[in-house]
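Letter by letter, the chains look like this.
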Amino acid sequence: MAKDGDRTFEIELDINGEMKNINIQAGETLLHLLRNKLSLTGAKPGCLNGDCGACTVMVDNLPFKSCIMLAIEAAGHKITTIEGLRGTSIQEAFIQHFAFQCGYCTPGFIINCHSLLLNHSKPSKETVRSWLSSNICRCTSYQEIEEAIWSAIENE
Amino acid sequence: MLPAYVEYYKPTSLSEAVELFRDLKKANKQPMYFSGGTEILTLGRLNMDTPRSIIDIKGIPDCNMMERTTQFLMIGASVPLTMIESNNDFPLLTNVSYEIADRTARNKITIGGNICGKIFYREAVLPFLISDSHLLIASLQGIQQIPINAIFNKELLLEEGQLLVSIRTESHFLSLPFISRKIRKQWETGYPLITGAAIKMDGVLRIAFSGICPFPFRSFAMEKEINNTTLSFESRIENAIQQLPHPILDDIEGSKEYRLFVLRNILMDFLLEMGGYNG
């Protein structure tokens, strides 16, 4: 990493298990870096205000909204985007329960649900509701999404 | 996104941080301390209150610590709200924190950031106000420990360059009977209307609110009225409302009349659950 105080930095990022060296601006969000410099467009720009959850990625297995995180804050941490998930139980459950309509919010929901499963093997109903409240689906597929996560929990 | 001209610094000690702030200020680089940074980023996106340089305090061990002893609980300013909730050393704080923003956002929002923020809710301060907590503040002169009720008046009254390091709460406050209420206008996850927190210590209710006035507050005058056991609950509530420190907010989230209605109900809940004798 370049010395403190620079407006641009070269950082090494661990994204989806691959190490990437990349130049960033100090004020650049992680979402902007992912989509515009790494072509990882699964994380979606929605509100850009930390409200909708469409841009959710995992940082060290916890969900974070990449629109309210600077790219430089991600240095030294393990980043997982929707492109980094392959054949997980929650992806299968979303398909089985048709837990999407337009699909725009789906990557954020799946990342959040996957993180929940990683951190809670047997979450309570209240815990599931609390985690799911972080994401908004304008097509209102909430019932199907909740069914999907419960089926994934039962199959764990 | 913050503008391209923003510079980033990540000091590893308190002295380095406050000296950096001084030097950046002198160089006209409009420094701002950065913890979770959620508010800086959301306001920065709108070109509101945008810093020219940010000092990320997450590399400072004093700001990241969380320590529980038999005497006190110490929480560093950079501790995320979800970590406070999972540790649950201070159940009232857990309850209030649990209602802030949403679960994912609270992985990023820090306790110091919430208390020092510009958005007027700042609910996380309420448990500390009614628990007579102390704030550790770093400056070029060193570290001071200041009672929160002496330095929080509508907002945290820090001097330029001062940095909130951590919050210390005496252990006996952590296990007192408590109640908290957060009322939203819409659903379970909408923006807050009013948040109230109360503890009962030595038979006396202590209360603090966010969302009634354009700042969070603890009112000793309201507490005096609400604890007047010679009166009925209804009279105590009406007398307490007369002591509000500022006109009631009247905005798109809720009219003045609606907020007053909600406040009356919250105060009644507090009294019914913890108020004891209805005189």
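Quick caveat: nothing in here was measured; it's all calculated off a predicted structure. (Residues numbered from 1 in each chain as written. Chains lettered and ligands numbered in written order. Predicted model: local features only at pLDDT ≥ 70, side-chain atom pairs only at ≥ 80, totals over all residues.)

Draft legend 1. Representation of the overall build of chain B in the model. Looking only at helices and strands, chain B features 13 helices and 14 strands. Whereas a compact globule of 279 residues would reach a radius of gyration of roughly 19 Å, chain B reaches 19 Å, a difference of no more than 12%. Its C-alpha atoms give chain B principal-axis dimensions of roughly 60 × 45 × 30 Å. Within chain B, the fraction of its 279 residues that count as buried is 47%. (Helix = DSSP H or I, 4+ residues; strand = E, 2+ residues; numbered from the N terminus. Rg over C-alpha atoms; globule rule 2.2 N^0.38 Å. Buried ≥ 20, exposed ≤ 12 C-beta atoms within 10 Å, placed from the backbone.)

Draft legend 2. Molecular detail of the overall build of chain A. Per the secondary structure count, chain A includes five helices and five strands. Taken from the N to the C terminus, the helices and strands of chain A come in the order β-β-α-β-β-β-α-α-α-α. The C-alpha radius of gyration of chain A comes to 16 Å, within 12% of the 15 Å expected for a compact globule of 156 residues. Principal axes of the C-alpha set define a box for chain A whose edges measure 50 × 30 × 25 Å. Considering chain A as a whole, with its 156 residues, one finds that 46% of them fall into the buried category. Within chain A, residue pairs in contact and separated by at least 24 positions form 60% of the contacts whose partners lie at least 6 positions apart. (Contact = placed C-beta atoms within 7 Å.)

Draft legend 3. Representation of the sheet that holds strand β1 (residues 7-9) of chain B within the structure. Residue and element names in this part refer to chain B. The strand order across the open sheet formed by three strands is β1-β3-β2, and the pairing between neighbours is parallel. Each having just a single partner strand, β1 and β2 (31-34) make up the two edges of the open sheet. Neighbour to neighbour, the strand axes of the sheet diverge by 25 degrees on average, direction disregarded. Bridge count for β2 against strand β3 (residues 53-56) is four bridges, and the pairing is parallel. Pairing of Y33 across the sheet is with I55, part of β3. Packing of helix α1 (residues 14-26) onto the sheet brings it into contact with β1, β2 and β3, and relative to β3 it is tilted by some 175 degrees. (Pairing = 2+ DSSP bridges. Axes fitted to C-alpha atoms, helices over the stretch in contact; angles between N-to-C directions.)

Draft legend 4. Region of the structure containing the interface of chain B and chain A. Listed as interface residues are 23 residues of chain B and, on the opposing side, 28 residues of chain A. Of all the secondary structure elements, the ones that give two or more residues to the side of chain B that touches chain A are β1, α2 (38-45) and α6 (103-106) of chain B. When residues of the side of chain B that touches chain A are assigned to their parent elements, the largest contribution, four residues, is made by α2(B). Split by residue class, the side of chain B that touches chain A holds ten nonpolar, six polar and seven charged. (Nonpolar A, V, L, I, M, F, W, Y, C, P; charged D, E, K, R; others polar.)

Draft legend 5. Spotlight on α2(B). Residues and elements named next belong to chain B. Of all the positions in α2, only T38, E39, I40, L41 and G44 are classed as buried. Looking at the packing, one finds that the buried side of α2 touches β2, β3, α6 and α7 (111-116). Two residues or fewer past α2, N47 is found with a positive phi of approximately 55 degrees.

Draft legend 6. Region of the structure containing unusual backbone geometry. One non-glycine residue with positive phi stands out, namely A:N61, at about 70 degrees. Within the secondary structure, A:N61 is located in the loop between β3 (56-59) and β4 (62-65). The class of A:N61 is exposed, set by 12 C-beta atoms lying within 10 Å. One non-glycine residue, B:N28, adopts positive backbone phi at about 60 degrees. Examined against the element boundaries, B:N28 turns out to sit in the loop between α1 and β2.

Draft legend 7. Highlighting the packing of helix α2 (residues 89-96) of chain A against helix α5 (residues 142-155) of chain A. Residue and element names in this part refer to chain A. Relative orientation of the contacting elements α2 and α5 amounts to 135 degrees, with a least axis distance of 8 Å. Between α2 and α5, the angle falls in the class oblique. The handedness of the crossing between α2 and α5 is right-handed. In this structure, α2 uses S89, I90, A93, F94 and Q96 to contact α5, whose residues at the interface are A148, I149, S151, A152 and N155. (Parallel < 35°, antiparallel > 145°, perpendicular 65-115°, else oblique. Left-handed = near helix turned anticlockwise from the far one by under 90°.)

Draft legend 8. Spatial organisation of the domain arrangement of chain B. Residues and elements named next belong to chain B. With domains assigned, chain B is organised as domain 1 (7-56), domain 2 (68-173) and domain 3 (176-274). Relative placement of domain 2 and domain 3: their C-alpha centres are 21 Å apart. Listed by contribution, the elements that provide at least two residues to the side of domain 2 that touches domain 3 are α5 (91-98) and α8 (125-129). (Domains from an automatic or database assignment.)

Draft legend 9. Fine view of the environment of A:T80. Residue and element names in this part refer to chain A. By the element assignment, T80 lies in strand β5 (residues 78-80). We classify T80 as buried; it has 21 C-beta atoms within 10 Å. Not counting residues up to four positions away in its chain, the partners in contact with T80 are N16, V57 and M58.

Draft legend 10. Main features of the domain arrangement of chain A. Residue and element names in this part refer to chain A. One can read the domain layout of chain A as domain 1 (8-83) and domain 2 (85-155). Measuring from the centre of the C-alpha atoms in domain 1 to the corresponding centre in domain 2 gives 21 Å. With 14 residues of domain 1 in contact, the opposing surface of domain 2 contributes 14 residues. Every element with two or more residues in the side of domain 1 that touches domain 2 is listed here: β3 and β4. For the side of domain 1 that touches domain 2, the leading source of residues is β3, giving three residues.

Draft legend 11. Highlighting α2(A). Residues and elements named next belong to chain A. For α2, every residue scored as buried is listed here: I90, A93 and F94. The arc that holds the buried residues of α2, viewed along the axis, is 100 degrees, so those residues lie on one side. Once α2 ends, the next one or two residues include F98, with phi positive near 50 degrees. (Arc of directions from axis to C-beta.)

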